[in-house]
Amino acid sequence: MSPPAGGRRVHQVRRDLLFAAVRDAGRISRADLVRRTGMARMTVNGLVAELVAAGLLAEEEAVPDGTRAGRPARSVTVAAAAGGVVGAVVEADGVHVVTVDLAGRPRAERHLRVDTADPQVVLDAIAEFVSSAGRVWSTVVGLSAPISGGVVQSSSVLPAWSGIAAAGELRRRLAHRVTVRNDADLCVLGEVRYGVAAGHQHVCHLRVASGIGCGLLLGGVPHTGATGVAGEIGHVQVDETGALCRCGNRGCLETIASPREILAALSATYGEPLTAARAVELARHDATAERVLADAGRMIGRVVADLANTVNPSLVVLDGPLIEPDGPLVHGVRDSLRRYAQPEVAQSTQVRVSALGGRAALLGAVAAALRATPSARGDRAFTRAGAGPVAPFALAPAAVVPAADAPASRDGAAPAAGEGLTSRDGAAPAAGDPPPAGSSAAVAPAAAARRRELSPARRERLVRRDMITDVLRGRGPTARSDIVRLTRLPRAAVVDLLAELCHDGVVEPCPPGASRSGRPSPHFRLAAAAGVLLGLALGPEGVRAVVADGAGRVIDDGFRPLPAGHETLQLMRTAAEFARELMDRHGAHATVAVSVPSPVHPLTGRFGARSVLPMFSGFSPAEEIAAVLGRPVQVHNNAQLCALAEARRGAARGARDVLYLRADQFTGAGIVAGGRMHQGAIGYAGEVGHLNVREIGPLCICGSRGCLSAFLAPAYFGALLERPRLGSLSEDRLVALAVAGDRPARRALVDAGRLIGRTVTPLCDVLNPAVVVVGGRYTEPGAFVVDGVREALHRHCAPSAAAGLTVVPAALGRDAEPLGAIESLL
Ligand SMILES: [Zn+2]
Ligand SMILES: [Zn+2]
């Protein structure tokens, strides 16, 4: 068995970098390639020869321009036979397919009229199209069905596809890389790559068509959920006594606000069958039609507001036949968002209409397919070497314009060339500046700028450093000779890179293990993180702290109480002084993260000017605490940190998609999506405490009425239990009553659980978590609240989301917040 081919990998990286450089330049001489890539002339010559032999590059005879004596330099271009990729989307009446070259330029686009109820017929048709498309590197197919492990899950749109391993079957027919994905996810990719979502990290894409589906981009990564059914927004229950839905539930959003329902209602009113286009046209001047569409928009907007409050995207994209910019449906959505979302959230959430003419999924398929090409790999090598998050798609920086022979899109309105179809990336680089190969749209601008500054030679060096640290991470202490063998890098290069890594404090020399005969090769390992990690949790009663070593092992903890009714500033000062003492005890080189009981902006570490908790408005805990400690601190929301802690070392250990719910008067939720803590665009992710439960409910501290947290306040329980003698019932007293076996108190907790579960149902439908963890003080007397949450989620969630769901009590208790703060540093 051969070791990992490190040397081959370097060669491959260089080859792909060089190919990407030629693609970006269009036509380029070898001398310019040397300049552009920073590689040696001999390396460039060798790689060009190899790529020409592989049919990827072509050489052109340059015309002598008289400026230089001797033989004119020959330039290279991407060969016509270099091939491309195929994107396909299965629709009700056939398959929409497009093939593009490696630069993302369309070559052919077709609508294949086939019976989509028969998967084999569809797969044969796609295979036939692909076979006629020349050299194809990758094919991506979009379907209106959840996909899990490459297998199509049951779906009401494509019932015959259930259980079909579509990717595998197509791969057998085509012998190249084939991926099958949910079309809502592809829509998000399409919008990020070619549409209105360019540059956004957190996006909800709503397609209001035959159903109502939602594609999610969280932190720059498409979110598919634990069982691939994320985005089930159409089956969010909006009317418990409403019409039966095809999913088996009652009163789903789809049964009220989908185009089919709206058009049926309008047709009855006007006494003639109406198309979507006609309904949109009518609504421009007819008050009844306008009102029907606006109502549907408000209904959709109510669910969008819940999403804005809890998933906290920076952008909601609306797409579908009834939707036009500034139309009544869009206004309805905006109305509801203003009314039901937190003021800061409503203000910062953009609602825009897709400009891709119903082709978002198809363009998303193309963007995804381009990932598997040499040019995209070259782009990735560029981005990998930079800091910051790397989007796993959107990597070809060229523009897509409709092919000349492209038929009109299915809505009958093919956009003109360049209108809404030109990649935002393609237009981004300043004139005269060679476009950065890795100009992926979903990367933070600062990180992208940093990456752009790196020379290709430096990028390649960083790739090599990664190779060495990868080996050390997997094997622990390793002999230098083994590093050379495993990476297949030249020995001199390994010596040089190890010296650099040691100098940077990333790697350190270590004693060899069991010594073999002969002179032992020097050994190296990853350097342990210097100093200690300090996690602080600010709460109403005081400050909790955990100190851990660089690997996250707890070495100390403590609690510093505060008198009731303390000022916010006093809380922060106390936290800072407590941290100072712990650092004096455990070493001054602590890295500090702080948990706070309110949404906090992920970039600035500040509370908003109109925070949900008025006493925190305008404060910056990051600045207050850093000023005392003399070092920067990270600040995160407490429920988000609880979710992270429970997912990494608590009740949901090992799960990648987790929803944490806090059941007490400070209710909130935390989201772990794809293994990462999700904070949202302005830090409001998981802010369920102020979701509207009842329009005319008790007043809440946030200024709204009928918020979830108002129904979980001790005062509400006091009134509910009808015991005036209890006076102002405290949390402690309620918990004690339930522990002592008081039946009404226990029933009140079960009901509280049901209310929490019912309220977060849309969040579960959209996120599709594997595990819901219930924590908070109300879980202390036993399973009552957890049982209530479980019952409500299984009853109200879309059946597909409920099927894969486990509801468990939290395992970490009050340490979850400081432990989450520690985990956020690892
Ligand atoms: Zn339904
Ligand atoms: Zn509220």
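What counts and how
- Residues numbered from 1 in each chain as written.
- Chains lettered and ligands numbered in written order.
- Predicted model: local features only at pLDDT ≥ 70, side-chain atom pairs only at ≥ 80, totals over all residues.
- Heavy atoms only, no water.
- UniProt positions renumbered as here; feature names shortened; annotations may be inferred.
- Helix = DSSP H or I, 4+ residues; strand = E, 2+ residues; numbered from the N terminus.
- Buried < 20%, exposed > 50% of the residue type's maximum accessible area, 1.4 Å probe, protein only.
- Contact = heavy atoms within 4.5 Å.
- Areas by Shrake-Rupley, 256 points an atom, 1.4 Å probe, with all protein chains shown as cover.
- Salt bridge = Lys/Arg side-chain N within 4 Å of Asp/Glu carboxyl O.
- Pairing = 2+ DSSP bridges.
- Axes fitted to C-alpha atoms, helices over the stretch in contact; angles between N-to-C directions.
- Donors = N, O, S within 2.8 Å, 3.2 Å for Na, K, Ca; no water.
- Tetrahedral: all angles 85-135°; square planar, octahedral: opposite > 155°, others 65-115°.
- Polar contact = N/O pair within 3.5 Å; in protein donor to acceptor, adjacent residues only side chain to side chain.
- Core = buried A, V, L, I, M, F, W, Y, C linked by side-chain atoms within 4.5 Å.
- Domains from an automatic or database assignment.

In the nomenclature of an unreviewed UniProt entry, the protein chain corresponds to Putative NBD/HSP70 family sugar kinase from the organism Actinoplanes teichomyceticus. Regarding the protein chain, the relevant UniProt record gives this comment under Sequence similarities (unreviewed entry): "Belongs to the ROK (NagC/XylR) family."

> Can you tell me about the overall build of the protein chain, naming the residues and giving the values?
Within the protein chain, the regular secondary structure consists of 28 helices and 28 strands. Residue burial in the protein chain is summarised as follows: out of 826 residues, 56% are buried. When contacts within the protein chain are restricted to residue pairs at least 6 apart in sequence, those whose partners lie at least 24 apart make up 65%. Element-wise, carbon and sulfur atoms account for 53% of the exposed surface of the protein chain, whose accessible area totals about 33,300 Å².

> Mind laying out the pattern of salt bridges, listing which residues take part and the relevant values?
Scanning the entire structure with this criterion turns up 42 salt bridges. Taking the shortest distance from any N to any O, the salt bridge between Arg284 and Glu324 comes out at 2.8 Å. Linking Arg284 in the loop between helix H9 (276-283) and helix H10 (287-310) with Glu324 in the loop between strand E14 (315-319) and helix H11 (328-340), this pair joins segments that are 40 residues apart in sequence. Taking the shortest distance from any N to any O, the salt bridge between Arg790 and Asp787 comes out at 3.0 Å. Of the two residues, Arg790 and Asp787 are both situated in helix H26 (residues 784-796); the distance of 3 residues between them amounts to about one turn of the helix. On the accessibility criterion, Asp787 (35% relative accessible area) is partly exposed. Three or more residues are tied together by salt bridges with common partners; here these are Asp295, Arg298, Asp335 and Arg338.

> Describe the sheet that holds strand E28 (residues 806-809), listing the residues and the values that go with them.
The mixed open sheet is built from 5 strands, whose spatial order is E26-E25-E24-E27-E28. Each edge of the open sheet is held by one strand with a lone partner, namely strand E26 (676-678) and E28. Each neighbouring strand pair of the sheet contributes to a mean axis angle of 25°, computed without reference to strand direction. Sheet topology note: the strand E24 (residues 658-662)/strand E25 (residues 668-673) ladder contains 5 bridges and is antiparallel. By the bridge assignment for E25, Leu659 is matched with Ile671.

> Outline the coordination of the zinc ion (ligand 1), supporting the account with residue identities and numerical values.
Only His235 (ND1), Cys245 (SG), Cys247 (SG) and Cys252 (SG) from the protein reach the zinc ion (ligand 1) as donors, at distances of 1.9 to 2.3 Å. Relative to the metal, the 4 donor atoms surrounding the zinc ion (ligand 1) lie at angles of 104 to 125°, and the coordination shape comes out tetrahedral. Counting along the primary sequence, the residues that act as donors to the zinc ion (ligand 1) give the motif H-x9-C-x1-C-x4-C. With His235 in the loop between strand E13 (221-223) and helix H7 (254-257) and Cys252 in the loop between E13 and H7, this pair connects stretches of sequence that are 17 residues apart.

> Outline the environment of Glu623, supporting the account with residue identities and numerical values.
Positionally, Glu623 belongs in helix H21 (residues 621-629). The sequence separation of Glu623 and Met572 amounts to 51 residues, and the corresponding C-alpha distance is 9.9 Å. For Glu623, the side chain forms a polar contact with the side chain of Arg606, separated by 3.3 Å.

> Which residues make up the nonpolar core, and what values go with them?
With 87 residues, the main nonpolar core has Leu206, Ile233, Ile300, Leu322, Val772, Tyr778 and Leu793 as its most contacted residues. Looking at which element gives the most residues to this core, the answer is helix H25 (residues 743-767), with 11 residues. Two domains each put at least three residues into this core: domain 3 (204-353) and domain 6 (651-810). Discounting residues that sit within four places of it in the chain, Val772 has contacts with Leu659, Leu661, Cys764, Leu793, Leu805, Thr806, Val807 and Val808. If you look at the next biggest cluster of nonpolar residues, it comprises 32 residues, including Val13, Ala82, Val494 and Phe524.

> I'd love a proper account of unusual backbone geometry, names of residues and values included.
One non-glycine residue, Ala175, lies in positive phi territory at about 60°. For Ala175, the position within the fold is in the loop between helix H5 (166-174) and strand E10 (177-182). The phi dihedral of Asn312 is positive, around 55°, even though this residue is not glycine. Mapped onto the fold, Asn312 is located in the loop between H10 and E14.

> Account for the pairing of strand E12 (residues 212-218), naming residues and giving values.
Taken across its 7 residues, E12 has 6 buried, putting it largely inside the fold. Alignment of strand E11 (residues 203-208) against E12, held across 6 bridges, turns out to be antiparallel. Looking at the pairing, Leu206 lines up with Cys214 of E12. Between E11 and E12, which follow one another and run antiparallel, lie 3 residues. Where E12 and E13 come together, 3 bridges link them in antiparallel fashion. Residue pairing across strands places Leu216 opposite His223, the latter belonging to E13. Between E12 and the antiparallel strand that follows it, E13, lie 2 residues; Gly219 among them carries a positive phi value of about 60°.

> Quick rundown of the sheet that holds strand E18 (residues 523-526)? Include the residues and the values.
Read across the open sheet, the 3 strands follow the order E16-E18-E17; overall the sheet is antiparallel. With one partner strand each, in any of the chains shown, strand E16 (478-479) and strand E17 (507-510) form the two edges of the open sheet. By the bridge criterion, 4 bridges tie E17 to E18 in an arrangement that is antiparallel. Its bridge partner being in E18, Cys510 is matched across the sheet by His523. Set on the sheet, helix H19 (residues 491-503) makes contact with E17 and E18; between it and E17 the angle comes to about 105°.

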